[in-house]
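# Understanding the architecture of this molecule
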Amino acid sequence: MDTVTGAVTHDPPPTTAGRPGRPLIVTEDTELLDDLLRLCAAAGATPEVRHSLPRGRGGWESAPLVLVGDDAARRVRGAARRRGVVLVGRDQDDSGVWRRAVEIGADHVLVLPDGEQWLVDRIADVAEGVGRPALTVGVIGGRGGAGASTLACALAVTSAREGLRTLLVDADPLGGGLDVILGGETAQGLRWPAFAASRGRVGGGALEESLPELHALRVLSWDRGDRVAVPPQAVRAVLAAARRRGGTVVVDLPRRVDDGAAEVLAQLDLGLLVVPAELRAVAAAGQVASAVGMVLKDLRVAVRGPYAPGLDDREVARLLGLPLVGEVPVEPALLRPDGGRTPPAASARGPLARFCKEFWERASAEAGSG
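Just so it is clear, the model here is predicted, and its values are computed rather than measured.

### Remarks on the overall build of the chain
When helices and strands are counted, the chain shows twelve helices and 14 strands. The burial tally for the chain puts 52% of its 370 residues in the buried class. Residue pairs in contact within the chain that sit at least 24 positions apart in sequence constitute 72% of those at least 6 positions apart. Accessible surface, the chain: about 16800 Å² in total, of which carbon and sulfur atoms supply 49%.

### Comments concerning unusual backbone geometry
With omega at 5°, the peptide bond leading from Leu 112 into Pro 113 counts as cis. By the secondary structure assignment, Pro 113 is in the loop between strand E6 (108-111) and helix H4 (116-128). With a phi close to 55°, His 215 is a non-glycine residue in the positive phi region. Counting through the fold element by element, His 215 comes out in the loop between strand E9 (213-214) and strand E10 (217-220). We classify His 215 as partly exposed; its relative accessible area is 40%.

### Overview of the side chain of Asp 313
Among the structural elements, Asp 313 can be located in helix H11 (residues 313-320). Notably, Asp 313 is buried but unbridged: the nearest opposite-charge side chain belongs to Arg 314, and the N-O separation is 4.1 Å. Not counting chain neighbours up to four residues away, the residues in contact with Asp 313 comprise Val 303, Tyr 307, Leu 324 and Glu 327.

### Looking at the confidence of the model for the chain
Counting all residues, the mean pLDDT for the chain is 87, and 89% of those residues have values of 70 or more. Mean pLDDT values over the elements of the chain span from 47, in strand E1 (residues 2-4), up to 98, in strand E11 (residues 248-252). Across residues 2-19, where pLDDT falls below 50, the model places 44 contacts with residues more than four positions away in sequence or in other chains.

### Description of the nonpolar core
The biggest cluster of nonpolar side chains holds 44 residues, and the ones touching the most others in it are Trp 192, Val 251, Leu 273, Val 275, Val 316 and Leu 320. For this core, the secondary-structure elements that each account for two or more residues are strand E8 (166-170), helix H8 (232-244), E11, helix H9 (259-265), strand E12 (270-276), helix H10 (279-292), strand E13 (299-304) and H11. Per element, the largest residue contribution to this core is seven residues, and it comes from H8. When near neighbours in sequence (up to four residues on either side) are disregarded, Leu 273 contacts Ile 140, Gly 141, Gly 142, Ala 285, Val 288, Ala 289, Leu 299, Arg 300, Val 301, Ala 302, Leu 320 and Leu 322. Among the nonpolar cores identified, the runner-up in size contains 34 residues, and Val 139, Ala 148, Leu 155 and Val 274 belong to it.

### With respect to the packing of H10 against H11
It is the contact of H10 with H11, at a shortest axis distance of 10 Å, that shows an interaxial angle of 40°. Considered as vectors, H10 and H11 are oriented oblique to each other. You can see that H10 and H11 cross each other, and the crossing is right-handed. Across the interface between the two elements, Val 282, Ala 285 and Gly 286 of H10 pack against Val 316, Leu 319 and Leu 320 of H11. Considered class by class, the residues forming the contact of H10 with H11 number five nonpolar, one polar and no charged.

### Some details on H8
Across its 13 residues, H8 extends 18 Å between first and last C-alpha, which sits within 8% of the 18 Å expected from 1.5 Å per residue. Taken residue by residue, H8 has Ala 234, Val 235, Ala 237, Val 238, Leu 239, Ala 241, Ala 242, Arg 243 and Arg 244 as its buried positions. Looking one or two residues past H8, Gly 246 carries a phi angle of roughly 80°, positive in sign.

### Some details on the pattern of salt bridges
Taken as a whole and judged by the stated rule, the model has 22 salt bridges. A salt bridge links Glu 116 to Arg 38; its shortest N-O distance comes to 2.8 Å. Here Glu 116 is found in helix H4, whereas its partner Arg 38 is found in helix H1 (residues 30-43), with 78 residues between them in sequence. It is possible to trace a salt-bridge network through shared partners that takes in Asp 35, Arg 38, Arg 90 and Glu 116.

### A few points about helix H3 (residues 96-104)
Three or more residues of H3 are buried, namely Gly 96, Val 97, Arg 100, Ala 101 and Ile 104. The arc enclosing the buried residues of H3, seen along the axis, measures out at 140°, which places them on a common side. On its buried face, H3 is in contact with strand E4 (66-69), strand E5 (85-89) and E6.

Basis of the calculations
Residues numbered from 1 in each chain as written. Predicted model: local features only at pLDDT ≥ 70, side-chain atom pairs only at ≥ 80, totals over all residues. Heavy atoms only, no water. Helix = DSSP H or I, 4+ residues; strand = E, 2+ residues; numbered from the N terminus. Buried < 20%, exposed > 50% of the residue type's maximum accessible area, 1.4 Å probe, protein only. Contact = heavy atoms within 4.5 Å. Areas by Shrake-Rupley, 256 points an atom, 1.4 Å probe, with all protein chains shown as cover. Lys, Arg positive; Asp, Glu negative; His and termini not counted. Salt bridge = Lys/Arg side-chain N within 4 Å of Asp/Glu carboxyl O. pLDDT = per-residue confidence, 0-100. Core = buried A, V, L, I, M, F, W, Y, C linked by side-chain atoms within 4.5 Å. Axes fitted to C-alpha atoms, helices over the stretch in contact; angles between N-to-C directions. Parallel < 35°, antiparallel > 145°, perpendicular 65-115°, else oblique. Left-handed = near helix turned anticlockwise from the far one by under 90°. Nonpolar A, V, L, I, M, F, W, Y, C, P; charged D, E, K, R; others polar. Expected span 1.5 Å × (residues − 1). Arc of directions from axis to C-beta.

Listed below in structure tokens is the structure:
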């Protein structure tokens, strides 16, 4: 059992993955009820409210989350034991709260107002439905012009073509905008500056619906304004929301690891370092890998030809001391004069699309066995 006095990590509530549920509030304390209703509203949830144990106990057993006011602890003492029960009180000096929590089988003891953010997060999990988070992959160039943005777009396009919920995140404010690569710079939807004031929790569904939809995927990119930075806490909240709804998230990373990039790296499942097969690029990539590796533990190398004398993909990986994903093939369509309007990996039969599909198959298998 945990006492919650701030934001802490927690297990998902016992609800069916992807299926929203209504939290149950049990209390006769009007002031406490007002606070709990306010927190539910902040989390986007509409609760069921009872003064005592629901008749038939069906509501008690089926609710994905039960918030029991300390005043109601005695009235629910005989309820069936279950996970996802939180005893909520106000008096931090009341040692008897532990005994009452044990009597009702509570997982957590929450003291307001200190535990408000934790509770909002927990309620929002219930409101959205929580399953497996998105498989999240970051792509970063070993040097400028390595082709990381092209590969990030290709991975996202391929994932969406396979029928997966896919979100492409442009974390490089100086990269020119991934929406441009996808031919959607005029598409309606929000860009990064709109989320600069985000704090705490961002709703995953609301985020997804607000973004431009291009080639069956959602894209969070930059606009053409002057803002080139978003506060780290906003980056953290937005990426957490992007991951929460499952599927895949692909992030195009900047080569400079600032506070915002570190927030992204901390939420990645793995990273791909795109390295042209030339000595200067390998040397530059080594510095990038050193900086990224301080935060991201699973970093792999994807090599792009043509190869300098004495180099091949395995040798590049050996010099960098990183696992090899493979050689990133050239997409012939992107080399044509009109290639800028053709999304990378647009053709499922192209070599880049095949590379991306094989990558997703391997990465998904690894995630499933983890």
